[in-house]
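Fold and contact review
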Amino acid sequence: MIVRERFGTDDSGKEAELFTITNTNGTQLKVTTLGATIVSFVFRDKEGTMRDVVLGYDEAASYLEQKGYYFGATVGRNANRISGARVTIGGVEYALEANSGANNLHSGSNGVSHRVWDTERVDEKAGSVAMKLLSKDLEQGFPGNMTIKVTFTLTGDDAVRIDYEAVSDKDTIANFTNHSYFNLAGHDSGYIGEQKLKIYANAFTPVAPTGSVPTGEICPVEGTPLDFREFKEIGREINADYDQLVYTKGYDHNFVLDGGGRFGLMAEAICEATGIHLYAYTDRPGVQLYAGNFIETHKGKGGALYGERHGFCLEAQCFPDAVNIPLFETPLLKAGEAYSSATMYRLSLD
Ligand code: GLA
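Residues numbered from 1 in each chain as written. Predicted model: local features only at pLDDT ≥ 70, side-chain atom pairs only at ≥ 80, totals over all residues. Heavy atoms only, no water.

1. A word on the site of the ligand
All residues adjacent to the ligand are Gly68, Tyr69, Tyr70, Arg81, Leu105, His106, His179, Tyr181, Asp252, Gln288, Tyr290 and Glu315. Note that an oxygen atom of the ligand is positioned 2.4 Å from one of the side-chain N or O atoms of aspartate 252. One of the side-chain nitrogen or oxygen atoms of glutamate 315 is found 2.6 Å away from an oxygen atom of the ligand. Considering the ligand on its own, with 300 Å² of exposed area, one finds that the protein chains cover 94% of that surface. In terms of residue class, the shell around the ligand is built from five nonpolar, four polar and three charged. (Near = heavy atom within 4 Å. Polar contact = N/O pair within 3.5 Å; in protein donor to acceptor, adjacent residues only side chain to side chain. Areas by Shrake-Rupley, 256 points an atom, 1.4 Å probe, with all protein chains shown as cover. Nonpolar A, V, L, I, M, F, W, Y, C, P; charged D, E, K, R; others polar.)

2. Here we look at the pairing of strand S11 (residues 118-123)
In terms of strand pairing, S11 meets strand S12 (residues 128-135) through five bridges, oriented antiparallel. Across the sheet, the residue bridging to arginine 121 is alanine 130, located in S12. Linking two consecutive strands that pair antiparallel, namely S11 and S12, is a turn of four residues; a positive phi of about 70° is found at glycine 127 within it. (Pairing = 2+ DSSP bridges. Helix = DSSP H or I, 4+ residues; strand = E, 2+ residues; numbered from the N terminus.)

3. Observations regarding the sheet that holds strand S4 (residues 37-44)
A sheet is described by the order of its strands in space; here five strands give the open sequence S1-S2-S3-S4-S5, paired in antiparallel fashion. In this open sheet, the two strands that pair with only one neighbour each are strand S1 (2-9) and strand S5 (50-52). Shown here is a sheet whose adjacent strand axes are inclined to one another by a mean of 20°, direction ignored. Where strand S2 (residues 15-22) and strand S3 (residues 28-32) come together, five bridges link them in antiparallel fashion. (Axes fitted to C-alpha atoms, helices over the stretch in contact; angles between N-to-C directions.)

4. Considering the packing of aromatic side chains
The tally for this structure, following the rule as stated, stands at 15 aromatic pairs. Summarising the aromatic geometry, the rings of tyrosine 57 and phenylalanine 71 are spaced 5.1 Å apart at their centres and angled 25° between planes, so their arrangement reads as stacked. Of this pair, tyrosine 57 sits in the loop between S5 and helix H1 (60-65) while phenylalanine 71 sits in the loop between H1 and strand S6 (74-75); the two residues are 14 residues apart in sequence, bridging distant segments of the chain. Measuring from ring centre to ring centre gives 5.8 Å for phenylalanine 71 and tyrosine 306, while their planes differ by 75°; the resulting arrangement is edge-to-face. Separated by 235 residues along the polypeptide, phenylalanine 71 in the loop between H1 and S6 and tyrosine 306 in strand S27 (residues 305-306) bring together distant segments of the chain. Using a relative accessible area of 2% as the deciding quantity, one classes phenylalanine 71 as buried. Joined through ring pairs, the aromatic side chains of Phe7, Tyr57, Tyr63, Tyr69, Phe71, Tyr181, Tyr290, Phe294 and Tyr306 make up one cluster. One Lys or Arg, arginine 161, reaches over the ring of phenylalanine 263 and ends 5.6 Å from the middle of that ring. Seen from the ring of tyrosine 279, arginine 346 lies directly overhead, with NZ or CZ sitting 4.5 Å from the centre. (Phe/Tyr/Trp six-rings, centres within 6.5 Å; stacked < 30°, edge-to-face > 60°. Buried < 20%, exposed > 50% of the residue type's maximum accessible area, 1.4 Å probe, protein only. Lys NZ or Arg CZ within 6 Å of the ring centre and 35° of its normal.)

5. As for the sheet that holds strand S17 (residues 181-182)
Read from one edge to the other, the open sheet built from six strands follows the order S17-S28-S25-S22-S19-S20, with strand pairing classed as antiparallel. Since the sheet does not close on itself, it has two edges, and those belong to S17 and strand S20 (219-220), each with one partner. Summarising the sheet, S17 and strand S28 (residues 312-317) pair through two bridges and their orientation is antiparallel. Paired with phenylalanine 182 across the strands is phenylalanine 312, a residue of S28.

6. Remarks on the side chain of aspartate 158
On the secondary structure map, aspartate 158 appears in the loop between strand S13 (146-154) and strand S14 (159-168). Notably, aspartate 158 is buried but unbridged: the nearest opposite-charge side chain belongs to arginine 346, and the N-O separation is 7.2 Å. One polar contact links aspartate 158 to asparagine 25, side chain to side chain, over a distance of 3.0 Å. Setting aside chain neighbours within four positions, we find aspartate 158 in contact with Asn23, Asn25, Thr27, Phe41, Phe43, Tyr345, Arg346 and Leu347. (Lys, Arg positive; Asp, Glu negative; His and termini not counted. Salt bridge = Lys/Arg side-chain N within 4 Å of Asp/Glu carboxyl O. Contact = heavy atoms within 4.5 Å.)

7. Quick notes on the side chain of asparagine 183
Along the chain, the position of asparagine 183 falls in the loop between S17 and strand S18 (196-199). By relative accessible area, which is 0% here, asparagine 183 ends up buried. Within the local environment of asparagine 183, its side chain forms a polar contact with the backbone oxygen of glycine 190, the two atoms lying 2.7 Å apart. Excluding anything up to four places from it in sequence, asparagine 183 contacts Asp52, Val53, Leu55, Ser189, Gly190, Ile192, Gln195 and His310.

8. Some thoughts on the state of the cysteines
Scanning all chains against the criterion turns up zero disulfides. Sulfur of cysteine 219: no disulfide; nearest cysteine sulfur belongs to cysteine 318 and is 20 Å away. A disulfide-free cysteine, cysteine 271 has its sulfur positioned 17 Å from the sulfur of cysteine 313, the nearest such atom. According to the relative accessible area criterion, cysteine 271 is buried, its value standing at 4%. (Disulfide = S-S within 2.5 Å.)

Given below as structure tokens:
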């Protein structure tokens, strides 16, 4: 079942819609056309209590007030950081917005995350809603008029599947992600440190001491607090005196997925208190683990108080700054070529 309602407007006054998709298990997904954003994801825990496992807000205005968190949003055209806020495509240098020190983060303030997308298709039978946005030539600094489509599907086995499609009329960058903050004890339950995480990655891309931009190296996770090859509490080593964690105030790193771009499991997380188990899949080469280090205390859905480390993100994407590091797989999209990618977050009690 899909229920459609109004959600408020974006900065230009355009009306956003909110869709509530419910499957036959009673699992419920809310998505809005404001930023093609996941607003809530409600699942029955082991005691039978319905738990909303992602952070978010009740109305558009709060998303616009708190743009820096990207709660549940689609991020693009380029997720994560670009050093020096410039990119060279076909020998031409394009200037981007320096919105994170000297660097570009999540494509700047004119990103796709806070604009109202058009509803393209509502498919009751499939449990899906498709949203579309035209990102104009140079609007974010990137070349090419790009049509972006994101389809959210709530599956019969309690997964939200996110399908991205894009096409541009000039060579450009395409590197989208979803920025949901998970808290498997419930969005309103505080610190996520006791929840256990496993990441299917043997290596990560270390960052420079400032700016959180990769150095270009690929380092094994073995022997570091970034080793999540076996389930480990997120909080167990988060405060370790390890330079990489000191630079970013906790986890905020890109992992080199073992799957190397083939669709498969990228990570799992478990909350023992609720029994909720998250299985995360992608076809992207990397995943940014961000443990909510910079969330300031403020009100979220239903008046819940959110704060530092109350949610963790598993942002599937190309490696950060891949546009400037030849060793990293390029997010370049050729003119007229079809970009397509998928990420899926499935909830289960097993
Ligand atoms: C990403 C970044 C973080 C932070 C969040 C948004 O996860 O890596 O450093 O900017 O987005 O708050």
